[in-house]
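The residues making up each chain are set out below.
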Amino acid sequence: MIRIDHFGYTYRNRDHPVLRDISLSIPEGSMIIITGPSGAGKTTLCRALSGILSHVYTGTSTGSIVIAGRDMMEYDGIEELSHTVSMVFDDADAQLIFTTVGEEVMTSLENSGLSKQEAEAELVRILDLLEISHLADRAPYTLSGGQKQKAALAATLALGTQVLILDEATSELDEEARTLIFSILRTLADDGKTIILVEHMIDEAAAYADICVLVEEGAITASGTPEDVSRIIRDALPPITKRPRKAGGAPLIEAEGLVHCYGDLRAVDGVDFTLHKGEIIAIVGENGSGKTTLVKHFNGLLKPTEGTLTIAGTPCNGHSIPVLSRHTGLVFQNPDTMLFEDTVRKEIAFGLKNIGKDQSSIGEVLEEVGLAGKEETNPRHLSRGERQRLALACVVAMGQEVFVLDEPTTGLDLAESLQIMEILMRLSDEGHGIVMITHNPGLACAFADRVLKMSNGKFIAATEA
């Protein structure tokens, strides 16, 4: 179905290749995992397989890619290729452009040539399959990150292409939802479709895939069964050591009876919450359980519908976002919503200028998050994981009392995730309070002082380390 022979690629205005001598054969009806550290070239490989590099970008390539018996360059552009290959990008927001989830999916179905009656039946089937029928009339911007990823996948499945590429398309899903997606993809492969999945959590996906490929520094360094490649990766990693629980200091966040409503939906429903100085709290729960809505109150992005909230001694009600954000730094679930400058250095400098803080620490912060040497790189040229670390660097450099991180390890492999945890532990030791939303229960249990589970807008369980 797909054959890649000695393929290499160098982006325009780059002096070194992002992909080097990639050779790979992907049989029809197989499911393949592509894994590796952020910045390794995984997304570029997906762009190559989708035809974007050949027909949209203006870089330089070597070697060849054959899809369904035809060389990539023989296709008449992306439009013709899109009848064979479709792709779910790592940024779901960039794919969701219509007013409702149902409209997103229906538009794809209409473009696939179905009659209106056939399209309406298929819409119901796909929404049911992904368990998002209740979101059909919701606007994409009101969804959680995981719900957005499901919606983007639904719209892509509706295209009915023979090849489906998913670039970190499960990164913001909870464990149950990831299992559902992997199972759906396996069924599609068994029905003859070819599935290419970029994934860091290969232990979860291993049972569903046929092949796993490890990409490092633009080259394939290992390939085989998912179990074999996972073993290679684990053997190269340090063991996770559980962090001893710390006694917290004075309260930094105090919420009592906190409620937030979106129309008739009580997204946060009577929450009591306290974060102490030096404490790390992990909040876990299913997609749409209210986690992100809750933490957006902590820097004033949302105001309580009911209840009281105090941040570092400052009551939330009656104070603006600029006032509250002096105390709380928030790293969003999607880093692209935070990044708008044309260099990495300028991104960090922007916030420092706003608070009149010295910029001499920029190099040290970039070193700490593993982005040293990329000061002049355009953030749009970074991988998803690198953009995630840059967003963290922007907030860490500000030095507020509280740091709130919504899925800080999205798009990162385990080694990079541990690096982020090391940063958070240092901040905790310095007395900062940390609130971390995560779908990684292992990291939550290993590094948080308390783990709070959320469901339907409420905390339903609490575990102390």
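Refer to the structure above for everything that follows.
Report on the accompanying structure.

Definitions and cut-offs
- Residues numbered from 1 in each chain as written.
- Predicted model: local features only at pLDDT ≥ 70, side-chain atom pairs only at ≥ 80, totals over all residues.
- Heavy atoms only, no water.
- Helix = DSSP H or I, 4+ residues; strand = E, 2+ residues; numbered from the N terminus.
- Buried < 20%, exposed > 50% of the residue type's maximum accessible area, 1.4 Å probe, protein only.
- Contact = heavy atoms within 4.5 Å.
- Lys, Arg positive; Asp, Glu negative; His and termini not counted.
- Charge placed at Lys NZ, Arg CZ, Asp CG, Glu CD.
- Pairing = 2+ DSSP bridges.
- Right-handed = clockwise from strand over helix to strand, strands pointing away.
- Salt bridge = Lys/Arg side-chain N within 4 Å of Asp/Glu carboxyl O.
- Axes fitted to C-alpha atoms, helices over the stretch in contact; angles between N-to-C directions.
- Parallel < 35°, antiparallel > 145°, perpendicular 65-115°, else oblique.
- Left-handed = near helix turned anticlockwise from the far one by under 90°.
- Nonpolar A, V, L, I, M, F, W, Y, C, P; charged D, E, K, R; others polar.
- Polar contact = N/O pair within 3.5 Å; in protein donor to acceptor, adjacent residues only side chain to side chain.

In terms of regular secondary structure, the protein is built from 16 helices and 20 strands. Dimensions along the principal axes, computed over C-alpha positions, put the protein at roughly 65 × 50 × 40 Å. Expressed as a percentage of the 465 residues in the protein, the buried residues total 54%. Taking as baseline every contact in the protein between residues at least 6 positions apart, the subset at least 24 positions apart corresponds to 69%. For the protein, the separation between the mean place of its 40 positive charges and that of its 67 negative charges on side chains is 5 Å.

So, about the pairing of strand β17 (residues 402-406). Look at any regular strand and the pattern is simple: side chains alternate between the two faces of the sheet. Burial analysis of β17 places 5 of its 5 residues in the buried class, the great majority of the element. Judged by which residues are buried, β17 turns out to be covered on both faces: Val 402, Val 404 and Asp 406 on one side and Phe 403 and Leu 405 on the other are all buried. Where strand β16 (residues 328-331) lies against β17, 4 bridges are found, and the strand directions are parallel. Across the sheet, Thr 328 pairs through a bridge with Val 402, a residue of β17. Following the chain from β17 across helix α15 (residues 414-429) to the adjacent parallel strand β18 (residues 433-437), one finds a crossover that is right-handed.

Moving on: the pattern of salt bridges. According to the stated counting rule, one finds 21 salt bridges in the structure shown. For Arg 387, the salt bridge identified is with Asp 336, shortest N-O distance 2.6 Å. A residue pair is termed long-range when its members are at least 10 positions apart, and Arg 387 in helix α14 (residues 384-396) and Asp 336 in the loop between β16 and α12 (344-354) qualify at 51 residues. According to the relative accessible area criterion, Asp 336 is partly exposed, its value standing at 26%. Taking the shortest distance from any N to any O, the salt bridge between Arg 426 and Glu 368 comes out at 2.4 Å. With Arg 426 in helix α15 and Glu 368 in helix α13 (residues 362-368), this residue pair connects regions lying 58 residues apart in the sequence. Look at Arg 426 and you get partly exposed, because its relative accessible area is 27%. On the basis of relative accessibility, which here comes to 24%, the residue Glu 368 falls in the partly exposed class. Linked through salt bridges whose partners overlap, the residues forming this network are Arg 266, Asp 269, Glu 306 and Lys 458.

Buried residues dominate helix α4 (residues 101-111), accounting for 8 of its 11 residues. Elements in contact with the buried residues of α4: α5 (116-129) and α6 (145-157). Just downstream of α4 lies Gly 113, where phi reads positive at about 90°.

Time to look at the packing of α4 against α6. Between α4 and α6, the least distance of the axes is 7 Å, while the angle of their chain directions is 20°. One element, α4, and the other, α6, form an angle in the roughly parallel class. Between α4 and α6 the crossing geometry is right-handed. Of the residues in α6, those touching α4 at Val 101, Glu 104, Val 105 and Ser 108 are Ala 151, Ala 154 and Ala 155. Among the residues making up the contact of α4 with α6, the classes are represented as 5 nonpolar, 1 polar and 1 charged.

With that settled, the discussion passes to the side chain of Glu 416. Looking at the element boundaries, Glu 416 is found in helix α15. A polar contact of 2.5 Å, which involves the side chain of Glu 416, links it to the side chain of Ser 38. Ignoring anything within four residues of it in the chain, the contact list for Glu 416 reads Pro 37, Ser 38, Arg 389 and Gly 411.

On to the packing of α14 against α15. Two measures define how a pair of helices packs: the angle their axes make with one another and the distance between the axes. One can describe the packing of α14 onto α15 by two numbers: an axis separation of 12 Å at closest approach and a directional angle of 10°. Regarding the angle of α14 to α15, the classification is roughly parallel. On the side of α14, the interface is formed by Arg 389, Leu 392 and Val 396, while α15 contributes Glu 416, Gln 419, Ile 420, Ile 423, Arg 426 and Leu 427.

This part covers the sheet that holds strand β19 (residues 450-455). Taken together, 6 strands build an open sheet; the order of strands is β16-β17-β18-β13-β19-β20 and the sheet is mixed. Each of the sheet's edge strands pairs with one partner strand only, and the pair in question is β16 and β20 (458-464). Within the sheet, the average angular offset between the axes of one strand and its neighbour, ignoring direction, is 20°. On top of the sheet, α14 reaches β16 and β17; it is set at about 175° to β16, its chief contact. Relative to β18, α15 is tilted by about 150°, and along the sheet it contacts β13 (280-285), β17 and β18.

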